[in-house]
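So the chains spell out like this:
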Amino acid sequence: GISALVELPKNCVAAAVGKELIIFRLMASNGGSEGWNVLELKRLSDHQDNILSLVSVNDLTFVTGSHVGELIVWDALDWTKQASECNFWGSSVHSDVQPEIKLSQSPNETSVQHLTSDEECVFAAVGKGIYVYNLQMKRVIACQRTAHDSSVLHIEKLPNRQLISCSEDGSVRIWELREKQQLPAEPVATGFFNMWGFGRANKQANQAAKKVQENTPMYFLELVGDLIGHSSAVQMFLYFGELGLATCSADHLIILWKDGERESRLRSLTLFQKLAQNDDLQFKF
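Residues numbered from 1 in each chain as written. Predicted model: local features only at pLDDT ≥ 70, side-chain atom pairs only at ≥ 80, totals over all residues. Heavy atoms only, no water.

**Examining the overall build of the protein**
The criterion, for reference: Here a strand is any run of E in DSSP of at least two residues, a helix any run of H or I of at least four, and the numbering for each starts at the N terminus. The rule is simple: take the accessible area with a 1.4 Å probe, protein chains only, and divide by the maximum for that residue type; under 20% is buried, over 50% is exposed, in between is partly exposed. To be clear on the numbers: accessible area is Shrake-Rupley with a 1.4 Å probe, and residue cover counts the displayed protein chains and nothing else.
For the protein, the helix and strand inventory stands at four helices and 19 strands. With 285 residues in all, the protein has 40% of them scored as buried. For the protein, the computed accessible surface area is about 17200 Å², with 52% contributed by carbon and sulfur atoms.

Structural data, given as structure tokens:
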């Protein structure tokens, strides 16, 4: 069966069917009737496991994620592979919390459950974690490997570099993508250069490493909010901008949330307006 769909340019759609990505085109029938025909154009078999998530980045790019943690960036016009990330757990980006040491990862811990994008980055819910993949750099720039205590089911990008995620553990969390403050570069140990094939660390290599550190911005995801109210898995949510947020859960509840700071400002403004109308607002010095 079809597990996910995404709209593409030129009246096309991409459908995830098992491990395959099938491109269809919607065309008007030639018989003079108002009917439409759905024609299969191409099958893409680059994934090694079932495709679980699809997201359109813009008119030129879309992204797919699979059950074993593969993320592939596709050209939306000619359906060719542009880039891929197949090992989130082996990413060189380190979160502030040290990851657990495990001999192997189960499929549920590496599965790309959901994707969202802001045209600059793709945000991937991978197992219990959240990963930020920069499309221009073609690499992961930030991550929280244990963003929740259980699988992350749904994520969405908000304005002001914020992100909301919900999980099987019943939690809904708000994150913010922040840039790390760069510290003065220190001499790099020899092992670093041996790993990258530079041989022994010397003055020239240290200077090159400092230059790379200075020119490469570092990011991290910081937890800025926790919405507590559900007692079971929160399967997804809808974000309505200034109007708030709606979450739905296996506990049979739909909860509507408001931005507390914004609502407090609005109440204060309303109060001052009423006092001004009643001439009760007096400034005493």
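What follows picks up the thread again.
**What to know about helix α4 (residues 260-277)**
Stated precisely, the cut-off is as follows: By definition here, a helix of n residues has an expected span of 1.5 Å times n minus one. Here a polar contact is taken to be a pair of N or O atoms separated by no more than 3.5 Å, where protein atoms must pair a possible hydrogen donor with a possible acceptor and residues adjacent in sequence count only if both atoms sit in side chains.
With 18 residues, α4 extends 26 Å from end C-alpha to end C-alpha; this agrees with the ideal 26 Å at 1.5 Å per step. Among the residues of α4, the N-terminal cap falls to D259, whose side-chain oxygen and the backbone nitrogen of E261 are separated by 3.1 Å. The first or second residue beyond α4 is D279, which carries a positive phi of 55°.

**Section: the environment of A233**
As a reminder, the rule being used: We call two residues in contact when some of their heavy atoms are within 4.5 Å.
Structurally, the position occupied by A233 is in the loop between β16 (219-227) and β17 (234-239). For the pair formed by A233 and V172, sequence separation is 61 residues and the distance between their alpha carbons is 9.7 Å. Excluding residues within four positions of it along the chain, A233 makes contact with S167, E168, G170, C248, S249 and A250.

**Points about the pattern of salt bridges**
Worth spelling out the cut-off: Here a salt bridge means any side-chain nitrogen of Lys or Arg lying within 4 Å of a carboxyl oxygen belonging to Asp or Glu.
Scanning the model with the defined rule gives seven salt bridges in all. Each member of the salt-bridge network shares a partner with another, and the members are E20, E40 and R43.

**Focus: the pairing of strand β13 (residues 152-158)**
Where we set the bar: When DSSP finds two or more bridges between two strands, those strands count as paired.
Counting buried positions along β13 gives six out of seven residues, so the element sits mostly inside the fold. Across six bridges, β13 lies against strand β14 (residues 162-167) in antiparallel orientation. Of the residues in β14, the one forming a bridge with V152 is S167. Between β13 and the antiparallel strand that follows it, β14, lie three residues; N160 among them carries a positive phi value of about 60°.

**Considerations on the environment of I164**
Its location among the elements puts I164 in strand β14. For I164, a relative accessible area of 3% puts it in the buried group. Spatially, the C-alpha atoms of I164 and G225 are 9.1 Å apart, while their sequence positions differ by 61 residues. Among all residues touching I164, those that are not within four sequence positions of it are H154, I155, E156, L158, V172, R173, I174, F237 and L245.

**Digging into the nonpolar core**
Where we set the bar: Put simply, buried Ala, Val, Leu, Ile, Met, Phe, Trp, Tyr and Cys residues joined by side-chain atoms within 4.5 Å make one nonpolar core.
The biggest cluster of nonpolar side chains holds 17 residues, and the ones touching the most others in it are V63, L71, F88, L115, V122 and Y133. Every element with two or more residues in this core is listed here: β7 (71-75), β9 (112-117), β10 (121-126), β11 (129-134) and β12 (139-144). Of the residues forming this core, the biggest block, three residues, is contributed by β10. Excluding its chain neighbours within four sequence positions, the residues that come into contact with V63 are S53, L54, V55, V57, L71, I72, V73, W74, L115 and V122.

**Considering unusual backbone geometry**
Residues apart from glycine generally show negative phi values, whereas peptide bonds are mostly found in trans. The phi torsion at N11 lies on the positive side, around 60°, for a residue other than glycine. One can find N11 in the loop between β1 (2-8) and β2 (12-17). Overall, N11 belongs to the exposed group, its relative accessible area being 54%.

**What about the pairing of β2?**
Here is the key point about a regular strand: its side chains alternate between the two faces of the sheet. In the sheet, β1 pairs with β2 via six bridges, with the strands oriented antiparallel. Considered in β2, the bridge of E7 is made with V13. Hairpin remark: β1 followed by β2, antiparallel, with three residues in the connecting loop; positive phi at K10, about 60°. By the bridge criterion, six bridges tie β2 to strand β3 (residues 20-28) in an arrangement that is antiparallel. Counterpart to V13 in the pairing with β3 is F24. The antiparallel hairpin formed by β2 and β3 contains two residues in its connecting segment, where G18 sits at a positive phi of about 65°.

**Here we look at the sheet that holds strand β5 (residues 51-56)**
In a beta sheet, neighbouring strands are held together by backbone hydrogen bonds and run either parallel or antiparallel to one another. Quick note on the threshold: What counts as an axis is a line fitted to C-alpha atoms, over the stretch in contact for a helix, and the angles between N-to-C directions run from 0 to 180 degrees.
Taken together, the four strands give an open sheet; going across it, the order is β5-β6-β7-β8, and neighbouring strands pair in antiparallel fashion. Two strands close off the open sheet at either side, each with one partner strand: β5 and β8 (81-85). Here the average twist between neighbouring strands, direction ignored, is 20°. Bridge analysis of strand β6 (residues 61-66) against β7 gives five bridges, and the strand direction is antiparallel. Bridge pairing in β7 places T64 opposite I72.

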